[in-house]
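Listed below are the residues making up each chain.
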Amino acid sequence: MKAKVRKLLKEKNAIMLAHNYQLPEIQDTADMCGDSLELSRQAAKTDADIIVFCGVHFMAETASILSPDKTVLLPREDAGCEMADMITAESLQKKIESLPPMPVVTYVNSTAVVKALSTICCTSANVVKITESLDADEILMTPDRNLAKYAESQTGKKIHIWDGCCPYHDRLTPAHVVAARAKHPGAVFMAHPECRPEIIALADVVASTSGMIQHAQAAADKEFIVGTEVGLLHTLNKQNPEKKFYPASEELLCPDMKKITLANVANCLENLSGEVKVPEEIRVPALAAVKRMISI
Ligand code: 13P
Ligand code: SF4
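So, here is what we can say about the structure in this document. Source: prediction; values computed, not measured.

Definitions and cut-offs
- Within any chain, residue numbers begin from 1 and follow the written order of that chain's sequence.
- Whichever chain is written first becomes A and whichever ligand is written first becomes 1, with later ones labelled in order.
- Local features in this predicted model are restricted to residues whose pLDDT is 70 or higher, and side-chain atom pairs enter the listing and the counts only when it is 80 or higher, whereas totals over whole chains, interfaces and linings include all residues.
- Side-chain numbers here rest on the full set of heavy atoms in the structure, without hydrogens or water.
- In this text, helices come from DSSP runs of H or I with a minimum length of four residues, and strands from runs of E with a minimum of two, each type numbered from the N-terminal end.
- Our radius of gyration looks at C-alpha atoms and nothing else; its globule reference is 2.2 Å times the residue count to the power 0.38.
- Exposed residues in this analysis have more than 50% of their type's maximum accessible area, buried residues have under 20%, and partly exposed residues fall in between, with area computed by a 1.4 Å probe over protein chains only.
- Throughout, a residue-residue contact means that at least one pair of heavy atoms, one from each residue, lies within 4.5 Å.
- Strand pairing requires that DSSP identify at least two bridges connecting the strands.
- Under this definition, polar contacts are N or O atom pairs within 3.5 Å; protein pairs additionally need one hydrogen-donor-capable and one acceptor-capable atom, and for neighbouring residues in sequence, both atoms have to be side-chain atoms.
- Stacked, tilted and edge-to-face pairs are distinguished by plane angle, under 30 degrees for stacked and over 60 for edge-to-face with tilted covering the rest, among Phe, Tyr and Trp rings (Trp via its six-membered ring) whose centres lie within 6.5 Å.
- The rule for a residue being near a molecule or strand is that one of its heavy atoms must lie within 4 Å of it.
- Asp, Glu, Lys and Arg are counted as charged, while Ala, Val, Leu, Ile, Met, Phe, Trp, Tyr, Cys and Pro are counted as nonpolar; the rest, among them Gly, fall into the polar class.
- Think of a nonpolar core as a cluster: buried Ala, Val, Leu, Ile, Met, Phe, Trp, Tyr and Cys residues, connected wherever their side-chain atoms sit within 4.5 Å.

**Quick notes on the overall build of the chain**
So, step 1. Per the secondary structure count, the chain includes 14 helices and 12 strands.
So, step 2. Relative to the 2.2 N^0.38 estimate, which gives 19 Å for 296 residues, the radius of gyration of the chain is 19 Å and therefore close to what a compact globule would have.
So, step 3. By its C-alpha atoms, the chain is 50 × 50 × 30 Å across when sized along the principal axes.
So, step 4. Looking at the chain as a whole, 58% of its 296 residues are labelled buried.
So, step 5. In the chain, 61% of the contacts between residues at least 6 apart in sequence involve partners at least 24 apart.

**Quick look at the sheet that holds strand β9 (residues 188-191)**
So, step 1. Pairing is parallel across the open sheet formed by 4 strands, whose spatial order is β10-β9-β11-β12. Of all the strands in the sheet, just β10 (205-206) and β12 (244-247) have a single pairing partner and so form its edges.
So, step 2. Here β9 runs beside β10; their pairing, made up of 2 bridges, is parallel. The residue bridging Met190 from the neighbouring strand is Val205, located in β10.

**Quick notes on the environment of Val290**
So, step 1. Position of Val290 relative to the elements: it lies in helix α14 (residues 280-295).
So, step 2. Judged by its relative accessible area of 0%, Val290 is buried.
So, step 3. With 168 residues separating them in the primary sequence, Val290 and Cys122 have C-alpha atoms 7.9 Å apart.
So, step 4. Sequence-distant contacts of Val290, that is, excluding residues within four places in its chain, are made with Thr62, Ile65, Leu66, Lys115 and Cys121.

**A look at helix α3 (residues 36-45)**
So, step 1. Residues Ser36, Leu37, Leu39, Ser40, Gln42 and Ala43 constitute the buried set of α3.
So, step 2. Among the structural elements, β1 (14-19), β2 (32-34), β3 (50-54), α4 (57-66) and α14 are those in contact with the buried residues of α3.
So, step 3. N-cap assignment for α3: the residue whose side-chain oxygen lies 2.9 Å from the backbone N of Glu38 is Asp35.

**So, the packing of aromatic side chains**
So, step 1. On inspection of all chains with the given rule, the structure shows 1 aromatic pair.
So, step 2. Measuring from ring centre to ring centre gives 5.2 Å for Phe224 and Phe245, while their planes differ by 15°; the resulting arrangement is stacked. Taken together, the residues Phe224 in strand β11 (residues 223-227) and Phe245 in strand β12 connect sequence positions 21 residues apart. Per residue, the accessibility class of Phe224 equals that of Phe245, and both read buried.

**Considering the site of ligand 1**
So, step 1. The local shell around ligand 1 consists of His19, Tyr21, Asp35, Ser36, Met59, Asn109, Ser124, His192, Glu194, Ser208, Thr209 and Met257.
So, step 2. One of the side-chain N or O atoms of His19 is found 2.7 Å from an oxygen atom in ligand 1.
So, step 3. At 2.7 Å, a side-chain N or O of Ser124 approaches an oxygen atom of ligand 1.
So, step 4. Here the residues of the shell around ligand 1 are counted per class, giving 3 nonpolar, 7 polar and 2 charged.

**Thoughts on the nonpolar core**
So, step 1. Among the nonpolar cores identified, the biggest contains 85 residues, and Met16, Phe189 and Val265 are the most heavily contacted of them.
So, step 2. Filtering out sequence-adjacent residues up to four positions away, Phe189 remains in contact with Leu172, Val177, Arg181, Ile199, Leu202, Ala203, Asp204, Val205, Ile225, Gly227 and Ala248.
So, step 3. Counting residues in hydrophobic clusters, the runner-up holds 14 residues, among them Ala207, Met212, Leu232 and Leu233.

So this is what it looks like as C-alpha cells:
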C-alpha cells in the first residue's frame, strides 16, 4: 500500500503532508511530517499540483488558504477537530462587539471563517512570540483557553480568553503526571501548551509537537514523559532508539487524528476526492491573518 501511494503521488505530482499525530503508516509514507506551523509553511512553498493533507479539516483549510491554485485533498472528510468546533463566526463576532477594540489572536486549530474574523493566527510553537509582537496590552485569544492562559503567563498581557479546549489534552490531570513521574523517576516531562495550567506548572519543557521532537533529540537525557497526543511517540521512538518515551496518559488519543489510512490516501489520489477549498470571500481575510503569523 505504501508503494502504491508513493507511485500515485509521483504520477499526480502530489505531495503528502502528515501531522505528527497521524498513524505510523501515514507518518512513514508522507513526504514530510510536522507540527501545524511547519506544515503550513510547507503548504505555502510547495510546487506540487496536489497537496494530500493527512491531518484534520482545519489543516487542509489552512493549506487551501495559502495555496488557492493547488488542489488540497483531505483523505477522510470526516476528520475534524473538536476544539475548532467550539467557536463559530457568529459567536466570535458577538464577542468582538462586546469588547473594546483589540487584536484577535486565533489558534490555527480553527475554521477558516473564524480565522477570517481574526487579526492574526498563532500555533502552539509561536503563541508567545505572536502575542509579544502585538502593539496592544489587551488581546482576545480564541479558541483554546489553555493556550491563552499559557500565553498570558509568559507575556504578562491581559488576555480575554475564549472558553474552548482540546478535550484530549484537557483530560491530562496532575495525578497522571505524578503517577508517571513515580513510575519513571528522573524522566523529563514535556507538556503541550494545550494542557491545563496545572500541568504546565509541572512540566520541565513546554513545546509544540515538533518542539518536543527537537528537544528530545538535542537533550542528553535518556527518558521522557510525553504530555501530548500519543501519536507523537512514533517519531520520538523512531528517531531516538537509544532513548525511552512514555505517554503521560494513554487517554491522550485524538480519534480524528487516527482516521486516515493508506487506503484512504490511495483512494483520494485515484479519484481526486475529498477536496477542501475555501471560498475567496473567506480565504482572503483568513489569508491576511495566517500571513501575518508566518511573517513573524
Ligand atoms: P502542534 O503540532 O502544532 O503542536 O499542534 C497540536 C495539535 O493539537 C494539532 O491538532
Ligand atoms: Fe483538535 Fe485536540 Fe485532536 Fe488536535 S488533538 S485535532 S486540538 S481535538
